[in-house]
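Analysis of the macromolecular model
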Amino acid sequence: MNLTESLLLALKARGATEIFGIPGDFALPLFREIERSALLPLVTLSHEPGVGFAADAAARARGGLGVAAVTYGAGAFNLVNTVAGAYAERVPLVVLSGAPAAHEASSGLLLHHQVKTLDSQWRLYEELTVDRARLDDAAKAPEQIARVLDAALTRSRPVYLEIPRDMPGKPCGAVPATQHVPPDEQRLAACADELLARLTSASRPVLMVGVEVRRYGLESRIAELARRLAIPVVTSFMGRGLLARADVQLAGTYIGLAGDPAVSDLVEQSDGLLLMGVIVSDTNFAVSSKRIDMRSTIQVYDGNVHMGHHVYHELPIAALIDALLARVAPLERASTTRPTHHPAASQALSADASAVQPHDISASVNALFREHGPMPLASDIGDCLFTAMDIEHTTLVAPGYYATMGYGVPAGIGVQVATGLRPIVMVGDGAFQMTGWELGSAAHCGCDPIVLVLNNASWEMLRAFEPNAKFNDLARWDFASMAAGMGGDGHVVNTTGELVAALAKAHATRGRFQLLDIRIEPGVLSPTLSRFVNAVKRVSMPEQAGAR
Ligand code: S1T
Ligand code: MG
């Protein structure tokens, strides 16, 4: 076995099902061995940001590791923003980077792709990853690989492996299996007891589930816990899509003033708010009407549990959920679950000559799901993500916290490659201009996403905050006619009637990506984005909201 084979088997054992990448000369030996060994399929895309987003979405959608392979310097630096997003949003993304061999590094010459020093890249990645190793010694590589990959899974964050170009074919031993270190039993018991005592003494307890529940594969266990506790359950903004298929009553998604007022009241008036794996961010918590006092909440996040003035360190969320399940008896009989609350289920859908508004898009997707069953969503940031909040609960990958543009299209490819499920991609015209070209690789990777481009000729989310600036105007690109050149079908959509017809046609056509170029007037927002903008203005820009 050589070093690449050991590495690939270790990745596979930790859930990776493919490698996204773009080669370069420092990475050619690695790519050669990946292709030759055929242990994991290699999916090449056009631009490293696409590679990073696709690998990130693959990890989010199926669980386990996502893998991005790039070359030294130009490749790895091009990947930086996607790894930063994965770090912020807790994705176990493995970066494999080629690198100069030891003898090249000591040649005294500057090497191409080098920045300040040969270690500049390593130092940059120190800021973006939780563990790293340079695999320049085949005898040490198995232990290093195990340590680094296990850190990615345990902490659910990115890691970095640098592979000098003389190493991929070197003989190498097998990588040891993951070692599970059990948490301190007494600390776990004390924490679970205190947590339950606090929940029991609360008169209005609420459970909010966040991304960690998905990242650690805990959806069915948390659903069981929610049923046994019989308390209201909501998802965070980033946790949207969680428990979509679970047999549990979801009250909705918490987005403060931007969301459903009933859900906001439930959360903000709770005296026992259990935040299970929630990234507490400004997107939802800063725009609440009544600032939630975090000291009165119970926060389970990043391996720690905070309640009141107590902190329990190093308690994995999975172990805590098991400890809670061991303490709360199963219900005598199955609870009668009320139907999941769909804010949009009752939304009226017109199909006529009226101009499309964002809420028509959520209404027509809901109608499609009711007829044909749900599909996973991959969304970019922009009004598309706020529009997605009115689509019924379904699996969703989106940069809801880090908020990087360019995620949607490559993420859709990542979702389909990793799960085999055809996704709907929701993306703004600005974001599509960044990474929409990755659709040209869709057919090549066996993908046929339905892509809804919210084409408002505008950086509309920014215009909402800066209404008089001309710099937020975009040219009206004709995305529909570009689709054919990239191997897909494009549909121009101006009216609600055309929207419903194009969506039905796109759904019925398999094997080619389907792009709906949905023309929306600048300045027309989804209901959720309008509420979000008003709330942000009220909370952080009172002069603009006229509230002085
Ligand atoms: N660059 C990148 C990579 N990510 C960003 N989030 C931004 C810049 C800033 C930014 C926004 S929202 C936005 C920009 C430029 C406009 C998005 O335009 P479009 O995709 O057309 O969507 P819509 O018109 O619906 O807004 C963030 C959130 O600050
Ligand atoms: Mg736009």
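The sections below set out a description of the structure shown in this document. (Residues numbered from 1 in each chain as written. Chains lettered and ligands numbered in written order. Predicted model: local features only at pLDDT ≥ 70, side-chain atom pairs only at ≥ 80, totals over all residues. Heavy atoms only, no water.)

1. Describing the environment of Met307
The topology assignment puts Met307 in strand β12 (residues 304-307). Expressed as a C-alpha distance, the spacing of Met307 and Glu104, which sit 203 residues apart in the sequence, is 54 Å. Beyond its immediate sequence surroundings of up to four residues, Met307 is in contact with Cys191, Glu194, Leu195, Arg198, Thr297, Ile298 and Tyr312. (Helix = DSSP H or I, 4+ residues; strand = E, 2+ residues; numbered from the N terminus. Contact = heavy atoms within 4.5 Å.)

2. Some points on the sheet that holds strand β15 (residues 396-397)
The 6 strands lie next to each other as β15-β14-β16-β17-β19-β18, forming an open sheet whose pairing is parallel. Both outer strands of the open sheet, β15 and β18 (489-493), are each paired with one neighbouring strand and no more. By the bridge criterion, 2 bridges tie strand β14 (residues 377-379) to β15 in an arrangement that is parallel. The residue bridging Ala378 from the neighbouring strand is Val397, located in β15. (Pairing = 2+ DSSP bridges.)

3. What about the site of ligand 1?
Of all residues adjacent to ligand 1, which total 17 residues, the nearest are Asp383, Ala403, Asp429, Gly430 and Met461. Contact between ligand 1 and Gly430: an oxygen atom at 2.8 Å from a main-chain N or O atom of the residue. Contact between ligand 1 and Met461: an oxygen atom at 2.8 Å from a main-chain N or O atom of the residue. Surface burial for ligand 1 is 77%, taken as the share of its 630 Å² of free accessible area covered by protein chains. At the level of secondary structure, the elements contributing two or more residues to the shell around ligand 1 comprise α17 (429-435) and α18 (460-465). For the shell around ligand 1, the leading source of residues is α17, giving 4 residues. Within the shell around ligand 1, the residues separate by chemical class into 8 nonpolar, 6 polar and 3 charged. (Near = heavy atom within 4 Å. Polar contact = N/O pair within 3.5 Å; in protein donor to acceptor, adjacent residues only side chain to side chain. Areas by Shrake-Rupley, 256 points an atom, 1.4 Å probe, with all protein chains shown as cover. Nonpolar A, V, L, I, M, F, W, Y, C, P; charged D, E, K, R; others polar.)

4. Section: the packing of helix α11 (residues 219-229) against helix α13 (residues 317-327)
Packing of α11 against α13 brings their axes to within 10 Å, and their N-to-C directions diverge by 35 degrees. The chirality of how α11 crosses α13 is left-handed. Only Ala318, Ile321, Asp322, Leu324 and Leu325 of α13 make contact with α11, whose side of the interface consists of Arg221, Ile222, Glu224, Leu225 and Arg228. Taken together, the residues of the contact of α11 with α13 break down into 6 nonpolar, no polar and 4 charged. (Axes fitted to C-alpha atoms, helices over the stretch in contact; angles between N-to-C directions. Left-handed = near helix turned anticlockwise from the far one by under 90°.)

5. A short note on the coordination of the magnesium ion (ligand 2)
Taken together, Asp429 (OD), Asn456 (OD1) and Ser458 (O) make up the full set of protein donors to the magnesium ion (ligand 2), lying 2.0 to 2.1 Å away. Along the chain, the residues donating to the magnesium ion (ligand 2) fall in the pattern D-x26-N-x1-S. Of this pair, Asp429 sits in helix α17 while Ser458 sits in the loop between β17 (450-455) and α18, and the two are 29 residues apart along the sequence. The exposure classification of Asp429 matches that of Ser458, with both residues buried. (Donors = N, O, S within 2.8 Å, 3.2 Å for Na, K, Ca; no water. Buried < 20%, exposed > 50% of the residue type's maximum accessible area, 1.4 Å probe, protein only.)

6. A closer look at the side chain of Thr253
Looking at the element boundaries, Thr253 is found in strand β9 (residues 250-253). According to the relative accessible area criterion, Thr253 is buried, its value standing at 7%. At a separation of 3.0 Å, a polar atom in the side chain of Thr253 contacts the side chain of Thr235. Here Arg240 takes part through its side chain, which lies 2.8 Å from a polar atom of the side chain of Thr253. Among residues more than four places away in sequence, those in contact with Thr253 are Thr235, Ser236, Phe237, Arg240, Val263, Met389 and His393.

7. Points about the packing of helix α9 (residues 185-201) against α13
Following both chains from N to C, one finds α9 and α13 inclined at 60 degrees, their axes separated by 9 Å at the closest point. Classified by the angle their axes make, α9 and α13 are oblique. Judged by the sense of rotation from one axis to the other, the crossing of α9 with α13 is right-handed. Across the interface between the two elements, Leu188, Ala189, Cys191, Ala192, Asp193, Leu195 and Leu196 from α9 touch Ala319, Leu320, Ala323, Leu324 and Arg327 from α13. (Parallel < 35°, antiparallel > 145°, perpendicular 65-115°, else oblique.)

8. Overview of the packing of aromatic side chains
In this structure the tally under the stated criterion is 10 aromatic pairs. With a centroid separation of 5.5 Å and 80 degrees between ring planes, the pair formed by Phe26 and Tyr72 is classed as edge-to-face. Of the two residues, Phe26 sits in the loop between β1 (19-21) and α2 (28-37) while Tyr72 sits in the loop between β3 (66-70) and α4 (74-78), which places them 46 residues apart along the sequence. Classification of Tyr72 as buried rests on a relative accessible area of 2%. Ring centres of Phe432 and Phe479 lie 5.0 Å apart, and the angle between their planes is 70 degrees; on these two criteria the pair is classed as edge-to-face. One end of the pair, Phe432, is in helix α17; the other, Phe479, is in helix α19 (residues 479-483), and 47 residues separate them in sequence. For the pair shown, Phe432 and Phe479 are each scored as buried. Members of the aromatic cluster, each reached through a chain of ring pairs, are Phe432, Trp437, Trp477 and Phe479. (Phe/Tyr/Trp six-rings, centres within 6.5 Å; stacked < 30°, edge-to-face > 60°.)

9. Remarks on the sheet that holds β3
Here we have 6 strands laid out as an open sheet, ordered β2-β1-β3-β4-β6-β5, and parallel in their pairing. Two strands bound the open sheet, and with one partner strand each, they are β2 (42-44) and β5 (132-134). The sheet shows a mean angle of 20 degrees between the axes of neighbouring strands, direction not considered. Across 3 bridges, the pairing between β1 and β2 is parallel. Counterpart to Gly21 in the pairing with β2 is Thr44.

10. Looking at the pairing of β17
The buried count for β17 comes to 6 of 6 residues, which makes it a mostly enclosed element. A two-sided burial pattern is seen for β17, the buried positions comprising Ile450, Leu452 and Leu454 on one face and Val451, Val453 and Asn455 on the other. Relative to β17, strand β16 (residues 424-428) runs parallel, the two being bridged by 5 bridges. Each residue of the ladder has a partner; that of Ile424, found in β17, is Ile450. For the handedness criterion, the β-α-β arrangement of β16, α17 and β17 is classed as right-handed. (Right-handed = clockwise from strand over helix to strand, strands pointing away.)

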